[in-house]
Amino acid sequence: MHIPMSSPDITQAEIDAVNAVMQTATLSIGPQIKAFEAQIAAYTGVPYAVGVNSGTSGLHLAMIAAGIGDGDEVITPSFSFIASANAILYERGVPVFVDIDLETGNLDTRLIERAITPRTKAIMPVHAFGQPVDMDPILDLARQHHLIVIEDACEAIGAEYKGRRAGTMGDAAVFAFYPNKQMTTGEGGMIVTQREEWDALFRSLRNQGRDVFDAWLNHTRLGYNYRLDELSAAIGVTQAKRLDALLAKRAQVAAWYNARIAAIEGIHAPCIAPTTTRMSWFVYVVRCADGIDRDSLMQALQARGVPSRPYFTPIHLQPFYREKFGWRRGDLPQTERAGDTFLALPFSGVMTESQVDYVCQQLTECVGEQGEAFRDRPDV
Ligand SMILES: *Cc1c(COP(=O)(O)O)cnc(C)c1O
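Conventions we followed
- Residue positions within a chain follow its written sequence, with the count starting from 1.
- Selection of residues for local features in this predicted model requires a pLDDT of at least 70, selection of side-chain atom pairs for listing and counting requires 80 or more, and totals for whole chains, interfaces and linings are taken over all residues.
- Side-chain metrics rest on all non-hydrogen atoms present in the structure, leaving aside hydrogens and water.
- The helix count covers DSSP runs of H or I at least four residues long, the strand count covers runs of E at least two residues long, and both are numbered beginning at the N terminus.
- Within these notes, the globule rule equals 2.2 Å times the number of residues to the 0.38 power, and the radius of gyration is based on C-alpha atoms.
- Think of it in three bands: with a 1.4 Å probe and only protein chains considered, a residue is buried below 20% of the maximum accessible area for its type, exposed above 50%, and partly exposed in between.
- Any two residues whose heavy atoms approach within 4.5 Å are treated as being in contact.
- We treat Lys and Arg as the positive residues and Asp and Glu as the negative residues; His and chain ends play no part in the count.
- By convention, the point assigned to a charge is CZ for Arg, NZ for Lys, CD for Glu and CG for Asp.
- Each direction from the helix axis to a C-beta atom contributes to the arc, which is the arc of those directions.
- One bridge is not enough; two strands pair if DSSP finds at least two bridges between them.
- Only C-alpha atoms enter the line fits that serve as axes; for helices the fit covers just the stretch in contact. Angles between N-to-C directions range over 0 to 180 degrees.
- Just so you know how the angles are binned, under 35 degrees is roughly parallel, over 145 roughly antiparallel, 65 to 115 roughly perpendicular, and the rest oblique.
- Crossing handedness follows the turn of the near helix against the far one: under a right angle anticlockwise gives a left-handed crossing, and clockwise gives a right-handed one.
- Being near a molecule or strand, for a residue, means having at least one of its heavy atoms within 4 Å of it.
- Here a polar contact means two N or O atoms within 3.5 Å. Within protein one must be a hydrogen donor candidate and the other an acceptor candidate, and residues neighboring in sequence count only if both atoms are side-chain atoms.
- Surface accessibility follows the Shrake-Rupley procedure with a 1.4 Å probe radius. Residue values consider only the protein chains on display as shielding.

**Some thoughts on the overall build of the protein**
- Helix and strand content of the protein: 12 helices and 14 strands.
- Against the globule reference of 21 Å for 380 residues, the protein gives a C-alpha radius of gyration of 21 Å, in line with a compact fold.
- Once the C-alpha set of the protein is aligned to its principal axes, its extents read approximately 70 × 55 × 35 Å.
- Residues classed as buried in the protein amount to 57% of the 380 residues present.
- A sequence separation of at least 24 residues applies to 71% of the contacts in the protein between residues at least 6 apart.
- Taken together, the 34 basic and 45 acidic charged side chains of the protein have centroids lying 3 Å from each other.

Below is the structure:
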């Protein structure tokens, strides 16, 4: 049985939408991106949405809007995809990594206040795996210390925190549409914000710094080519129409996993916080108990044709970050523990129950092979 790590959910409707754009003369800056932006704004419940060519581009523009410059500090987790911290570096800011809660993989909000210094300008929480961060303590701190909040919601479109949608709580938020995300445009991203002046700024920055009302060749500021093309936007329009159905399919696959993982001793299912009123399943990540060697498990699964990945590998331990900032193993204990024991299993909305069965069967057997050492330990 061939089981891919992830698969996009593409139907004839997406193919027809792209074909229709191909028969027009407008392949960029046209009606598709406009329609797509309106859909995401309406879905999320924010007044402004700006399409860009990747989630990373969106985070970069959010850092510019937040006013990040030389040496400005941004509080963010190391337990994320490297794009979050890289966006800070693009503006020569300094990521200040705060440790996480091992259960959810999200920022441990109790540790944020002590990381605030006179150089702190912003907090960038990441809604990891599609589960919202505990935002209220973050928003309180931001108000007290006059900090900007940028939500990295690249993994969390549709997720809800105490009934509030991910992306509506910070000054701005970014969604991403890479093919493994809950919905895709191929490559693509979307910035959402409540701030009208930021909407104009993002539109200018993504389009070479042209001011929105200026003549075509009037470049007011340093800008970029971060535009989302019409073909990608057309895929987005179709996927956005199907978004709740796409999320429901993923929730079903996660439920199949949960039921089976509960019976595997030594493997912990994902933990959903009480503040998460709606999970938007991006990946299905389990935690190996003490006594289970994650990397050997991954190899054993691979030998049986089941792919799996460490997720995430902490950013502060990446060679580039170690060298530039001097981070070392031991600096963020829970992040490192998660980096050593978390394992993403194959997951997508098109996965079948028999595929989930197969993965869990192989997982049970592979854990069993490691089991001797494990069974000798009490309380894991
Ligand atoms: C996917 C993702 C991004 C952005 O990804 P792109 O590939 O640039 O669209 C940013 N942050 C996190 C946490 C992500 O998972």
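**A short note on helix α9 (residues 294–303)**
- Listing the buried residues of α9 in full gives Arg294, Leu297, Met298 and Leu301. Relative to the axis of α9, the buried residues are bounded by an arc of 100° and lie together on one face. Looking at α9, the residues exposed on the side facing more than 90 degrees away from the buried face are Gln299 and Ala303.
- Following α9 by one or two positions, glycine 305 has its phi on the positive side, about 80°.

**Focus on the pairing of strand β1 (residues 48–52)**
- Of all five residues in β1, four are buried; the element is thus mostly enclosed.
- Where β1 and strand β9 (residues 189–193) come together, five bridges link them in antiparallel fashion. Directly across from valine 52, in β9, lies its bridge partner glycine 189.

**Describing the packing of helix α3 (residues 55–65) against helix α4 (residues 83–90)**
- Between α3 and α4, whose axes approach to 8 Å, the crossing angle comes to 45°. On the basis of their axis angle, the class for α3 and α4 is oblique. Two packed elements cross with a definite hand, and for α3 against α4 that hand is right-handed. In this structure, α3 uses Thr56, Leu59, His60 and Met63 to contact α4, whose residues at the interface are Ala83, Ser84, Ala87, Ile88 and Tyr90.

**Digging into the site of the ligand**
- Around the ligand, 15 residues are found, and the nearest of them are Gly55, Thr56, Asp152, Glu155 and Lys181.
- Between the ligand and threonine 56 there is a distance of 2.4 Å, counted from an oxygen atom to a side-chain nitrogen or oxygen.
- One of the side-chain nitrogen or oxygen atoms of aspartate 152 is found 2.8 Å away from a nitrogen atom of the ligand.
- Protein contacts shield 93% of the accessible area of the ligand, which totals 380 Å² for the unbound molecule.
- At the level of elements, α3 and α4 are the ones that each hand at least two residues to the shell around the ligand.
- Looking at which element gives the most residues to the shell around the ligand, the answer is α3, with three residues.

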